Every structure is written in structure tokens, then in C-alpha cells.
Amino acid sequence: MAVVLFIQVTGLSAQVAKDHYKPTDTSTEWFEEARFGMFVHWGIYSMYGAYYEGKHVPGIAEWIMKRGNIPIDVYEAQAEKFDPVKFEAELWAKAARDAGMKYLLITTKHHDGFCLWDSKVSDYDVIDHAAYGKDIIKALHLAAEKYGIKLALYYSILDWHHPDVSYHFRKGKTDVDFDRYIEEYMKPQLAELLSGQYGEVGMLWFDGGWENWWTFDRGRNIYNFVKSISPNTIVNDRLDKDHSKLGGSEIGDYITPEQNIPAMPTSTLKPGDVWETVLTMNNSWGYSKADHNWKSPRELIRSLIEVASRGGNLTLNVGPKPDGTFTSETTDILNAIGKWMKVNGEAIHGTTHSELGVMPWGRLTVKDDTKYLHVFEWPRDELNIRLDHWNPRKIKRIYALANPNKSLDFKRTGVEVRIKVPQPMPDPIASVIAIEFGPDPKAKPTSNQNLDQ
Ligand code: JFZ
């Protein structure tokens, strides 16, 4: 399967080489195969939970240091108390695996500058500065390995703590040197993260390049630096100065539209592009006591399907509490998604987009010789589909993933296939029907072939 996929992916990539996004030398195979991963925003901001001095600070909670104008020394004092006594890396890795996620992307250092690993070039980390005193990234690396999850690391370019780049917080400081920060701090830190002590890092996810001092050349320099240490590590597209135009970034191995699922195909997103949507479960990335606007499992599962049907990845965020546990809402959502993925995961993992696009009844994904019909609107009797691209004569078998041993009756008229569906709908969120084709499913029927049956 892996081999087949590789051929498909490279084949597609070759067809769509173009200005806006070009595949790089780094293989994105594991990432595309994964389709679904967990994003984790966790750090000192989690301790505030969007409240400072008893007042709610509106906006995304991991920005509280900036939004709440918390002075560096106050934030530092808070960081000393960081002691997530209930944190168990294995529970996180297991939660990700059970939800059908294949990678875990964790904030090693968010904008506040606090480091969740034992950094040798900083004392502002979980070992030297905080009560906890244990390397969180190390624990997650071991847990991820145990549960067969890829470890991916988020690293913020901007830093509200480092003296050279935290001018928002150190007003009047003049002896700043951006390149000193890059050469003597950022690069050594990235080298630590990529040294092998955290295994082979699947992906590095940069962010924060909108700061004035960040430039395209600095982004390119960091990209090359990462590849010189760890050529297989996939790098996202936010090292470029301006990645905001979808696919507009010239640095990085894939594309990241934020909090939205782009239409496809369009001039900016085409079949074969490697891309990722990142979504929050409520409105905040970091834990917020004030944010109760949780998305439903239905919305999130359908988003996952939507993304997969366009050939992208969904990286779904979790904002753990300061003690290291997930909120009950988070756990409920993950459990619901896991329940759906247990039955339907094969219609997500390792699939590619379907050229048939958006259907009135739902979406499609494709893997090898199977088309998966993710049905949102379940018909009373028959599901109709026109197979303009694949030959209906080559259909071997049709079945619902909820009951794979029972073949469904179907009729073919020309390119139209009418499938008799079981009642009731197996899963009201989305039920998947698989159409399995024989070899060479795209071979066109010859003109005199009678397709009616
Ligand atoms: C960034 C961070 O500032 C935020 O805290 C969080 O980590 C998120 C995942 O990434 O915020 C962004 C980055 C990019 C866009 C929007 C918010 N964007 O491209 O629209």
C-alpha cells in the first residue's frame, strides 16, 4: 500500500508543479498518509486560562502575556510555579491514537518564549525555571513512539522573553541584535530539538514570522539549517515573511491555511498539493476558562471528511489544563471522533482527494481501487452517483463500512450507479459506503460496449 501511495503522490505532484506551491525534496508521504493529527498548545499561558488579576483577557488565551500586558518578571514568576502534576505523556499519545490521529504537534516554545524541553541555551525552560523539572518533550517523544504516533514540534519565531527580540516588553532597550538571537539562540535550540534525543522529528511547525525584523532570507536560512541537520523533517510554510496568501509562501514543504478549509480545485489549491488545515475545538488554542464555544463532534468529523476529500490534513487542537489533563469537553470530542474513526478511519487514512468533488449528499475520498462515499444526507432508498472518471463496469463490490461483510445491491445505467442503502443510516454524522473496483478502474469502456445491465 505504501508503495502504491508513493507512486500516486509523486505522480500527482509532478502534474501540478506550478508557481504557487512546488513539492520540495522532502518526502511528505507519512504526513499525507496520516491525514489527521493532534495539535497541542500548552505552556505558562495555560496557567492563566485567559484570566489575569481576576479579569478576563479576551482573545486567544495563549496570547495573554501580550494581550494582558503582563510584565516579563510577573510572567516569569508565574512560570516558576508550573507544575503539571497530572501530566502523563502516555495518556496524551493514547488519546491521539484512539481518536485516529497519527501525529502529535506540540508547542515546544510558543510566543511567550518558555521552553517545554531542557534547553542548554536557556534557563527559561521547564527544567531550570519551573517547579516541574522534567523534560516534557522527552516524555512525549517516548510516549508517541510507544503508541505509533509521529512527533511534530511547534517552534515560535517570535519570542516575548528573549532580550534581543522582546522589544514589545522591554521598552527602551536599544542593544538588540536580531541575528544574535537567530545564531546564538534559535539555531542552537532547533539543533537541540533535532539532535535525535527526541527521535526523528516528523515535522517542524514555525510561526510568528510577521514580526518586522523577520525577513525572507532569515526564513530561508532557517529552512536550510533545519534540512542540514534533519533532511526528512517536514517544515511548514510559515518561515516565509508572508504566508497569508494561500500557497503564496516560497519556503516550506506544504501549505497551511489557518482555521479554514479552502475550496478545491482553485487557482490557489490544486489536486496533489500538500496542505493542512489547523482547527481549534473551541475558539482558543491555549486553555481558556472563559471559552465554552465548543464545536460539536458532528462539525469536526465533517470537517475532517471535507479536508480529506480535498486531499489535505486536519490538525485538530487541544488546549490542556495547567495540571496536564484535558478538559472534559476535549475528551468527549476526542472519544466521539475516535468512535467514528474506528469504523470509518480507512476512508480517511492514506486516502487522496476525489476528482468528483462536492456531492449533494456528501463527499468522497479515494484509496487504491476503492472510492469511499462519505454520506451526510442518507437517502430513503437508493444513493445515486455518476462515475464519470471511473468505469462502472469495473465495480467489484459495494458495502457500508459499518457492516463490511454485507454487500449492497446496485444497478448500473451508463455511468450512473444506483446503490440500495440499508436503513437506518448507520451513523447520523456520516456513514461511509465503499465502492471497490477491480484492477484498472479508470479504463474507459470502448464505445460499442453496452454498459446497461
Ligand atoms: C498563530 C499563533 O499566534 C497562535 O497563538 C496559534 O499558535 C496559531 C496556531 O498560530 O496564529 C496565527 C497564525 C497564522 C494565522 C492566524 C493566526 N493566519 O495565517 O491566518
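Just above, that's the structure.
Residues numbered from 1 in each chain as written. Predicted model: local features only at pLDDT ≥ 70, side-chain atom pairs only at ≥ 80, totals over all residues. Heavy atoms only, no water.

Undergrad: So what exactly am I meant to see when it comes to the site of the ligand here?
TA: Residues in contact with the ligand amount to twelve residues; listed here are only the nearest, His41, Glu62, His110, His111 and Asp207. Its free accessible area being 450 Å², the ligand has 80% of it covered by the protein chains. Looking at the shell around the ligand residue by residue, the class counts come to four nonpolar, four polar and four charged. (Near = heavy atom within 4 Å. Areas by Shrake-Rupley, 256 points an atom, 1.4 Å probe, with all protein chains shown as cover. Nonpolar A, V, L, I, M, F, W, Y, C, P; charged D, E, K, R; others polar.)

Undergrad: What is the right way to look at the pairing of strand E12 (residues 370-375) in this model?
TA: The side chains of a regular strand alternate between both faces of the sheet. In terms of burial, E12 is largely enclosed, as six of its six residues are buried. Where burial is concerned, the two faces of E12 agree: the one with Thr370, Tyr372 and His374 and the one with Lys371, Leu373 and Val375 are both buried. Summarising the sheet, strand E11 (residues 362-367) and E12 pair through six bridges and their orientation is antiparallel. For Thr365, the partnering residue across the bridge sits in E12 and is Tyr372. Turn length for the E11-E12 hairpin, with the two strands adjacent in sequence and antiparallel, is two residues, and the turn residue Asp368 shows positive phi of about 50 degrees. (Buried < 20%, exposed > 50% of the residue type's maximum accessible area, 1.4 Å probe, protein only. Helix = DSSP H or I, 4+ residues; strand = E, 2+ residues; numbered from the N terminus. Pairing = 2+ DSSP bridges.)

Undergrad: Just checking my understanding: could you explain the packing of helix H8 (residues 178-193) against helix H9 (residues 216-229) for this structure?
TA: The angle between the axes and the distance between the axes are what describe a pair of packed helices. Look at H8 against H9: their axes get within 11 Å of each other, and the N-to-C directions meet at 25 degrees. One way to sum up the angle between H8 and H9 is to call them roughly parallel. In terms of crossing hand, the pair formed by H8 and H9 is right-handed. Mapping the contact onto sequence places Phe178, Asp179, Ile182, Met186, Lys187, Leu190 and Ala191 in H8 and Arg218, Asn221, Ile222, Phe225, Val226 and Ile229 in H9. A breakdown of the residues in the contact of H8 with H9 according to their chemical character gives nine nonpolar, one polar and three charged. (Axes fitted to C-alpha atoms, helices over the stretch in contact; angles between N-to-C directions. Parallel < 35°, antiparallel > 145°, perpendicular 65-115°, else oblique. Left-handed = near helix turned anticlockwise from the far one by under 90°. Contact = heavy atoms within 4.5 Å.)

Undergrad: When you look at the pattern of salt bridges in this model, what are you seeing that I'm missing?
TA: Should their charged atoms come close, side chains of opposite charge can pair. With the rule as written, the count across this model stands at 20 salt bridges. One salt bridge connects Glu355 with Lys371, and the closest N-O pair in it is separated by 3.5 Å. Of this pair, Glu355 sits in the loop between strand E10 (352-353) and E11 while Lys371 sits in strand E12, placing them 16 residues apart in sequence. Note on Glu355: relative accessible area 32%, which makes it partly exposed. We classify Lys371 as buried; its relative accessible area is 0%. (Salt bridge = Lys/Arg side-chain N within 4 Å of Asp/Glu carboxyl O.)

Undergrad: When you look at the sheet that holds strand E18 (residues 431-437) in this model, what are you seeing that I'm missing?
TA: Here six strands make up an open sheet; going across it, the order is E10-E11-E12-E18-E14-E15 and the pairing antiparallel. Sheet topology places E10 and strand E15 (403-407) at the edges, where each strand pairs with a single neighbour. Note that E12 and E18 share six bridges and pair antiparallel. Residue Tyr372 lies in a different strand from E18, and its bridge partner there is Ala434.

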